[in-house]
Amino acid sequence: MLSESDVESYFLNILNKENDVSVSVAAIRTLMEIIKRGGSGTVQGLVEDLKRGMEITKNTNYPSAAITSSCELFRRFITLSINDSNTFAQCQNVMLDRGNLFLNKLNASRDKIKKLASQFIIDGCRILTHSRSRVVLHTLIEAAQQNKYFEVFVTMSAPDDSGERMYNDLREHKIQCTLITDAAIGYIMESIDFVMVGAEAVVESGGIVNKIGSYTMALSAKAMNKPFYVLTESVKFSRLFPLNQGDLPDEYKYLSVKRSGDLSKEHPLVDYTPPSYITLLFTDLGILTPSAVSDELIRLYL
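The model shown is predicted, which means the values in this text are computed figures rather than measured ones.

Conventions and cut-offs
- Residues numbered from 1 in each chain as written.
- Predicted model: local features only at pLDDT ≥ 70, side-chain atom pairs only at ≥ 80, totals over all residues.
- Heavy atoms only, no water.
- Helix = DSSP H or I, 4+ residues; strand = E, 2+ residues; numbered from the N terminus.
- Contact = heavy atoms within 4.5 Å.
- Pairing = 2+ DSSP bridges.
- Axes fitted to C-alpha atoms, helices over the stretch in contact; angles between N-to-C directions.
- Buried < 20%, exposed > 50% of the residue type's maximum accessible area, 1.4 Å probe, protein only.
- Core = buried A, V, L, I, M, F, W, Y, C linked by side-chain atoms within 4.5 Å.
- Salt bridge = Lys/Arg side-chain N within 4 Å of Asp/Glu carboxyl O.
- Domains from an automatic or database assignment.
- Buried area = accessible area lost by both parts, 1.4 Å probe.
- Polar contact = N/O pair within 3.5 Å; in protein donor to acceptor, adjacent residues only side chain to side chain.
- Nonpolar A, V, L, I, M, F, W, Y, C, P; charged D, E, K, R; others polar.

*Asks:* Please provide a residue-by-residue account of the side chain of serine 22, values included.
*Replies:* As for its position among the elements, serine 22 is in the loop between α1 (4-17) and α2 (23-37). Leaving out residues up to four positions away in the same chain, serine 22 has contacts with Leu15 and Arg134.

Listed below in structure tokens is the structure:
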């Protein structure tokens, strides 16, 4: 059985050693390891171990929105076929088999999304993106490999300046790109063709939770009639219905190291972009309008 420190170490080790692995995948792989160890010896005990593992990964210093939705869907999926008459070993094998299916589906999601979204990138277009989204990065690389010429503008994305990493990734793949300050969003918006961002979570309304500044970008895009595209895996669909920024849970907005203190002066990590500002969502389930998200959420959580 994995101790709390073992679970945390296993999760962080994946993220530290594998640069291209998302927190969602790392969290699910950690839960798979908990199942393999099967320390509790009972199905109910194993389910409780998984819940404990979810809480441990959420309380590391990584944004928890994607971890919360992906782990909840994973837990529901692997326990669907558990039969009370089965032995613990049989249940454990069923959970591992279904877990591998879930993980394979998640790993294939990025390829599906990049094939859909890259079709919207044409020669000569100018794209604005925010922060560092792996699925956006892979989509841009896919378009470049199709010999399309385009230009990307990347915000620095304070407070962690994750846009600089995105900018360097694009340069490594010989993609024409420019790094801009977050304050330059309005200035550059009139010259771009569309915005393309990722998401930490997609909520029931069809809106998204994403890196702080996404809402500002969406507002500017709406004012200038520029399409605002979101690229995200369906595993990030979350049973959350915020009406405004204040409705976002603190565990989404702040790292765990900050949540034990006074949050009134802390800088939030994410914001909420309502569905009215989003043009389309490119997902592994297909290209969706924001209004279609609630139907897909019902199917996912049935």
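*Asks:* Please provide a residue-by-residue account of the sheet that holds strand β9 (residues 280-283), values included.
*Replies:* The mixed open sheet is built from 7 strands, whose spatial order is β3-β2-β1-β4-β7-β9-β10. One side of each edge strand has no neighbouring strand; the edge strands of this open sheet are β3 (177-180) and β10 (286-288). The mean inter-strand angle of the sheet, taken between neighbouring strand axes irrespective of direction, is 25°. Sheet topology places strand β2 (residues 151-155) next to β3; 4 bridges connect them, and they run parallel. Residue pairing for β3: threonine 155 is matched across the bridge by isoleucine 180.

*Asks:* Describe the sheet that holds strand β6 (residues 208-211), and please don't skip the residues or the numbers.
*Replies:* Taken together, 3 strands build an open sheet; the order of strands is β5-β6-β8 and the sheet is antiparallel. Each edge of the open sheet carries a strand with a single partner, namely β5 (201-202) and β8 (270-273). Inspection of the sheet shows β6 paired to β8 by 4 bridges, in the antiparallel sense. Counted as the bridge partner of valine 209 is tyrosine 272 from β8. Of the strands in this sheet, β6 and β8 are in contact with helix α9 (residues 214-223), which crosses β8 at around 35°.

*Asks:* Which residues make up the pairing of strand β4 (residues 194-197), and what values go with them?
*Replies:* Side chains of β4 alternate between two faces, with Phe194 and Met196 and Val195 and Val197 buried alike. As paired elements, strand β1 (residues 126-129) and β4 share 2 bridges and run parallel to each other. Opposite leucine 128, over in β4, you have valine 195 as the bridge partner. Of the strand pairs in this sheet, β4 and strand β7 (residues 228-231) are connected by 3 bridges, and their pairing is parallel. Looking across to β7, one finds that valine 195 is bridged to phenylalanine 228.

*Asks:* Tell me what's going on with the nonpolar core, and back it up with residues and numbers.
*Replies:* In summary, soluble globular proteins display a tendency toward joint burial of nonpolar side chains. Core analysis: the largest hydrophobic core is formed by 56 residues, its most contacted members being Leu128, Val195, Ile208 and Phe228. The leading source of residues in this core is α2, at 9 residues. Contacts of phenylalanine 228, omitting those with residues within four sequence positions, involve Val195, Val197, Ile208, Ser214, Met217, Ala218, Ala221, Tyr277, Ile278, Thr279 and Leu280. Membership of the second largest hydrophobic core comes to 25 residues, among which are Ile121, Ile127, Leu140 and Met166.

*Asks:* Provide a residue-level description of the pattern of salt bridges, including the pertinent values.
*Replies:* Taken as a whole and assessed by the stated rule, the structure comprises 15 salt bridges. Between lysine 51 and glutamate 48 there is a salt bridge, and its shortest N-O distance comes to 3.7 Å. One end of the pair, lysine 51, and the other, glutamate 48, are both in helix α3 (residues 43-58), 3 residues apart, so they sit about a helical turn from each other. When the shortest N-O distance is used, the salt bridge between lysine 105 and aspartate 284 registers 3.5 Å. With lysine 105 in helix α5 (residues 88-118) and aspartate 284 in the loop between β9 and β10, this residue pair connects regions lying 179 residues apart in the sequence. Here aspartate 284 falls in the buried class, since its relative accessible area comes to 11%. Overlapping salt bridges bring together Glu55, Lys58 and Glu251 as one network.

*Asks:* Hey, could you go over the domain arrangement of the protein for me, with residue numbers and the actual values?
*Replies:* You can read the domains of the protein as domain 1 (4-108) and domain 2 (113-301). Taking only C-alpha atoms, the centre of domain 1 and the centre of domain 2 are 26 Å apart. Contacts between the two partners involve 23 residues from domain 1, matched on the other side by 22 residues from domain 2. Counting the surface lost from both domain 1 and domain 2, the interface buries some 1,900 Å², and carbon and sulfur atoms represent 49% of this. When the buried surface of domain 1 facing domain 2 is broken down by residue, Asn61, Ala65 and Leu73 rank first, second and third, together holding 26% of it. The tally of links between domain 1 and domain 2 comes to 2 salt bridges. With a shortest N-O distance of 3.6 Å, lysine 58 and glutamate 251 are connected by a salt bridge. Counting across the domain 1 and domain 2 interface gives 8 residue pairs in polar contact (both at pLDDT 80 or more). Contributions of two or more residues to the side of domain 1 that touches domain 2 are made by α4 (65-79) and α5. The greatest single-element share of the side of domain 1 that touches domain 2, amounting to 8 residues, is contributed by α4. The residue makeup of the side of domain 1 that touches domain 2, split by class, is 8 nonpolar, 10 polar and 5 charged.

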